Amino acid sequence: MIRNIKIKIATILLFSIVFASCEQDLKFDPNDVITEQDFLKDPNNAIKLVNGVYNKLLDYNMYSFSWIGIASITSDDADKGSTPTDTGTDKDRLDNLTFNASAISFNDVWEGRYDGIYRANTALYYLDKLTIDPALKNRMIGEIKFLRALFYFDLVRCFGGVPLVTSKIDINDSATIDAVVYNRKSKAETYAVIEQDLLDAIDKLPLKGQYGSNDLGRATKGAAQALLAKAYLYEEKWQESYDMSGNVMTSGQYSLLPNYADVWREVGENGTESIFEVQATLTKGLVDYTNVQGPRGTPDLGWGFNTPSLSLANSYEAGDVRKNAAILFVPSVLWDGFVAPLTWSNPRYNYKAYQSTMAESWNGDKGQTAKNHRLLKYSDILLIRAEAGFHLGLTSDATDQINTIRTRAGLSTVSSVTLTSILKERRAEMAMEYDRWFDIVRTGTAQAAMAADGKTFIVGTHELFPIPQNQIVTSGGKLAQNPGY
């Protein structure tokens, strides 16, 4: 199983400029002396290489405080939360859309993804040298390329075109560093790399049901197809997105869980609705993901950030079961019997991030819980299919997908859909899942959505986040800043 393995390889040179934070996962303990030749003789090291890339998903600078800030707190779905005086370093500025290039959250997200890309490139480099079963090598290359595409997808959504580092780079090769690491490519070029990695992964990866239990949680053909369908949607390649989402749907591997609320609970982990999720255990958890969003006050369950907005709460139709599954209202009795008291600081919290200490695996460590984090799920694919289909004039099929989702939500079916109604359904289904900001930006509805939430979205600037100032300084000014910053 991939969850608890940390890779430590002495032979890997760290590219400290942009990849330094992966050091502790990429070197041997001081007492472990091994040469590159010895390393390459052991086929088991291939699995360790790949697991080292997966392990990056658990780190603080991946899906914790900074990602939550820029992907959710910025949007009309969420407010900063916590207390008025607790800024969360820069989360108040993210909430108010007054951020700049010096905000730490942008640098965290940048460094976290490039850490992962470095690991992926290093793993591909050594896999090529290892003598192992060809079928296993082929599969592992597919896994790594899926993960690298995932890292670049986060980057392109946040920053637009970024440096495209797709091979292991010698730290002493300053010419290549200037030409590659400090050279932003276009948005189209970035998506082209994502597409190619995912097409290669689709060709190499097995279906979810073809994995054994010991490999639960590894990237699958369906995960690569799902991410590619989503990338195509962002590129407005409607036919490609429609077709690729259809491949996921007809694979026979996925279905909606009967109970929407179960999707984000332990009982739903790696279930039929799960396409890809970050794997966490009691001994190797997702760092501060639940802690950041746990209710603040007495009793203290966390820092209390990323609270669902009143705008989100008021957006649901009457009778929509998703409202009380996505939003933890105070006061109330929670699903595990815990009483949410008025001594908590905010009236609403992210229910999807709630970690039960009573009915789920719990070791008493709020900073590193065993809660898996869903990155791709089947309902998202149905929404992608509906949106792409609508743009192609396939209104009947789009309506069918929306009705499948509405039926589970306890709502009546509709006879037809519009783009507005599809996006409204997407907001309800994907609430507090870190897609809302990107959705309103890509659909050109951000200015109106943020104005309705009392905030000013600057057209021509806020479509992209700023390139982190730290990275521009480190590059000697070679990295170009985005417009307006």
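Residues numbered from 1 in each chain as written. Predicted model: local features only at pLDDT ≥ 70, side-chain atom pairs only at ≥ 80, totals over all residues. Heavy atoms only, no water.

Asker: Mind showing me how you'd approach the nonpolar core here?
Answerer: In globular proteins that are soluble, nonpolar side chains generally tend to be buried together. Grouped together as the largest cluster of nonpolar side chains are 117 residues, with contacts concentrated most on Leu-57, Phe-146, Phe-159 and Phe-276. Not counting the four nearest positions on each side in its chain, Leu-57 is found in contact with Met-62, Tyr-63, Leu-147, Leu-150, Phe-151, Phe-276, Val-278 and Leu-286. (Core = buried A, V, L, I, M, F, W, Y, C linked by side-chain atoms within 4.5 Å. Buried < 20%, exposed > 50% of the residue type's maximum accessible area, 1.4 Å probe, protein only. Contact = heavy atoms within 4.5 Å.)

Asker: What's the story with the pairing of strand β10 (residues 373–377) in this structure? I'm lost.
Answerer: Regular strands have side chains that alternate between both faces of the sheet. Counting buried residues in β10 gives 5 out of 5 residues, a clear majority hidden from the surface. Judged from the 4 bridges that link them, strand β2 (residues 274–278) and β10 form a sheet pairing that is antiparallel. Bridge pairing in β10 places Val-278 opposite His-373. (Helix = DSSP H or I, 4+ residues; strand = E, 2+ residues; numbered from the N terminus. Pairing = 2+ DSSP bridges.)

Asker: I would appreciate a short explanation of the pattern of salt bridges in the present structure.
Answerer: Side-chain pairing between opposite charges can occur once the charged atoms of the two side chains come close. One pass over the full model with this rule turns up 46 salt bridges. Salt-bridge contacts for Arg-408 lead to Glu-273; the nearest nitrogen and oxygen are separated by 2.5 Å. You can see Arg-408 sitting in helix α17 (residues 395–408) and its partner Glu-273 sitting in the loop between α12 (238–249) and β2, a full 135 residues away along the chain. Accessibility assignment for this pair places Arg-408 and Glu-273 in one class, buried. Put simply, Asp-397 and Arg-385 hold a salt bridge, and the shortest N to O gap is 3.2 Å. Separated by 12 residues along the polypeptide, Asp-397 in helix α17 and Arg-385 in helix α16 (residues 378–391) bring together distant segments of the chain. Here the two residues Asp-397 and Arg-385 agree in accessibility, since each one is buried. Salt bridges linked by common partners bring Glu-273, Glu-317, Asp-320, Arg-322, Lys-352, Lys-377, Arg-406, Arg-408, Glu-425, Glu-429 and Glu-433 together as one network. (Salt bridge = Lys/Arg side-chain N within 4 Å of Asp/Glu carboxyl O.)

Asker: What should I look at first to understand the packing of aromatic side chains in this one?
Answerer: Per the counting criterion, the structure on display carries 21 aromatic pairs. Arranged with centres 6.0 Å apart and planes meeting at 65 degrees, the rings of Tyr-351 and Tyr-354 form a pair that is edge-to-face. A relative accessible area of 13% means that Tyr-351 is categorised as buried. Its relative accessible area of 6% is what places Tyr-354 among the buried residues. Three or more aromatic residues link up through ring pairs in this structure, and these residues are Phe-99, Phe-106, Trp-437, Phe-457, Phe-465 and Tyr-485. Just above the ring of Tyr-242 sits the side chain of Arg-385; from NZ or CZ to the centre is 3.6 Å. Sitting above the plane of the Tyr-234 ring, Arg-442 keeps its charged end 5.3 Å from the centroid. (Phe/Tyr/Trp six-rings, centres within 6.5 Å; stacked < 30°, edge-to-face > 60°. Lys NZ or Arg CZ within 6 Å of the ring centre and 35° of its normal.)

Asker: What's the story with unusual backbone geometry in this structure? I'm lost.
Answerer: Residue Pro-299 follows Thr-298 across a cis peptide bond; omega there is -5 degrees. With omega at 0 degrees, the peptide bond leading from Val-330 into Pro-331 counts as cis. Positive phi, close to 60 degrees, is recorded for Leu-97, a residue that is not glycine. Tracing the backbone shows Leu-97 in the loop between α6 (91–96) and α7 (104–129). Positive phi, close to 60 degrees, is recorded for Met-432, a residue that is not glycine. Among the secondary structure elements, Met-432 is positioned in the loop between α18 (419–429) and α19 (436–442). Exposure remark for Met-432: the relative accessible area of 1% places this residue in the buried category.

Asker: What's the story with the layout of surface pockets in this structure? I'm lost.
Answerer: In this approach the atoms are scanned with a rolling probe the size of a water molecule, which exposes any empty space left behind. Each pocket or cavity is described by its volume, and for the largest pocket that value is around 320 Å³. If you trace the largest pocket, you find 20 residues lining it, with Leu-423, Lys-424, Arg-427, Arg-436 and Thr-445 closest to the centre. Considering each element in turn, the lining of the largest pocket owes the most residues, 6 residues, to α18. Along the lines of polarity and charge, the residues of the lining of the largest pocket split into 7 nonpolar, 5 polar and 8 charged. (1 Å grid on protein atoms, 1.4 Å probe; cavity = no way out; pocket = protein on both sides within 12 Å on 5 of 7 lines; lining within 4 Å. Points joined across faces, edges and corners; volume = space filled by probe spheres on them. Nonpolar A, V, L, I, M, F, W, Y, C, P; charged D, E, K, R; others polar.)

Asker: Before we go on, may I ask you to explain empty space enclosed by the protein in this structure?
Answerer: Evaluation of the coordinates by the stated rule reveals 10 cavities of 30 Å³ or more. Roughly 210 Å³ of internal volume is contained in the largest cavity. Along the walls of the largest cavity sit 18 residues, with Arg-157, Lys-230, Leu-375, Glu-433 and Asp-435 positioned nearest its centre. Broken down by secondary-structure element, the contributors of at least two residues to the lining of the largest cavity are α8 (134–159), α11 (221–234) and β10. Considered class by class, the residues forming the lining of the largest cavity number 10 nonpolar, 1 polar and 7 charged. Estimated volume of the second largest cavity: approximately 130 Å³. Together, 14 residues line the second largest cavity, and Thr-290, Gly-294, Leu-301, Tyr-354 and Gln-355 are the ones closest to its centre. Per-element accounting of the lining of the second largest cavity gives the leading share, 3 residues, to helix α13 (residues 289–293). Grouping the constituent residues of the lining of the second largest cavity by class yields 5 nonpolar, 8 polar and 1 charged.

Asker: Quick question: what am I supposed to make of α12 here?
Answerer: Note that an α-helix has 3.6 residues per turn; residues three or four places apart therefore point the same way. For α12, with 12 residues, the first-to-last C-alpha span of 16 Å sits near the 16 Å given by 1.5 Å per residue. Among the residues of α12, Trp-238, Ser-241, Tyr-242, Met-244, Ser-245, Gly-246 and Val-248 are the ones counted as buried. (Expected span 1.5 Å × (residues − 1).)

Asker: Whenever I open this one, the packing of α8 against helix α10 (residues 187–204) confuses me. Can you help?
Answerer: Relative orientation and spacing of two packed helices are given, respectively, by the angle between their axes and the distance between those axes. Their axes nearest at 8 Å, the elements α8 and α10 cross at an angle of 155 degrees. Of the possible angle classes, the one that applies to α8 and α10 is roughly antiparallel. In this structure, α8 meets α10 at a crossing whose hand is left-handed. For the pair α8 and α10, the contacting residues are Asn-138, Arg-139, Ile-141, Gly-142, Lys-145, Phe-146, Arg-148, Ala-149, Tyr-152, Phe-153, Val-156 and Arg-157 in the first and Lys-187, Thr-190, Tyr-191, Ile-194, Asp-197, Leu-198, Asp-200, Ala-201 and Lys-204 in the second. Its residues placed into classes, the contact of α8 with α10 shows 10 nonpolar, 3 polar and 8 charged. (Axes fitted to C-alpha atoms, helices over the stretch in contact; angles between N-to-C directions. Parallel < 35°, antiparallel > 145°, perpendicular 65-115°, else oblique. Left-handed = near helix turned anticlockwise from the far one by under 90°.)

Asker: Is there a simple way to think about the confidence of the model for the protein in this case?
Answerer: For the protein, the average pLDDT comes to 92, and 93% of its residues sit at 70 or higher. Looking at the elements of the protein, mean pLDDT is at its lowest for helix α1 (residues 16–19), recorded as 30, and at its highest for α11, recorded as 99. For the stretch residues 1–32, pLDDT sits under 50, and the model shows 91 contacts to residues farther than four places along the chain or on other chains. (pLDDT = per-residue confidence, 0-100.)

Asker: Mind showing me how you'd approach the packing of α11 against α12 here?
Answerer: Packing of α11 against α12 leaves a shortest axis separation of 8 Å and a crossing angle of 160 degrees. Compared by their axis directions, α11 and α12 come out roughly antiparallel. For α11 against α12, the interelement crossing comes out left-handed. When α11 is examined against α12, the residues Gly-222, Gln-225, Ala-226, Leu-228, Ala-229, Tyr-232 and Leu-233 are found in contact with a partner set consisting of Trp-238, Glu-240, Ser-241, Met-244, Ser-245, Asn-247 and Val-248. The residue makeup of the contact of α11 with α12, split by class, is 8 nonpolar, 5 polar and 1 charged.

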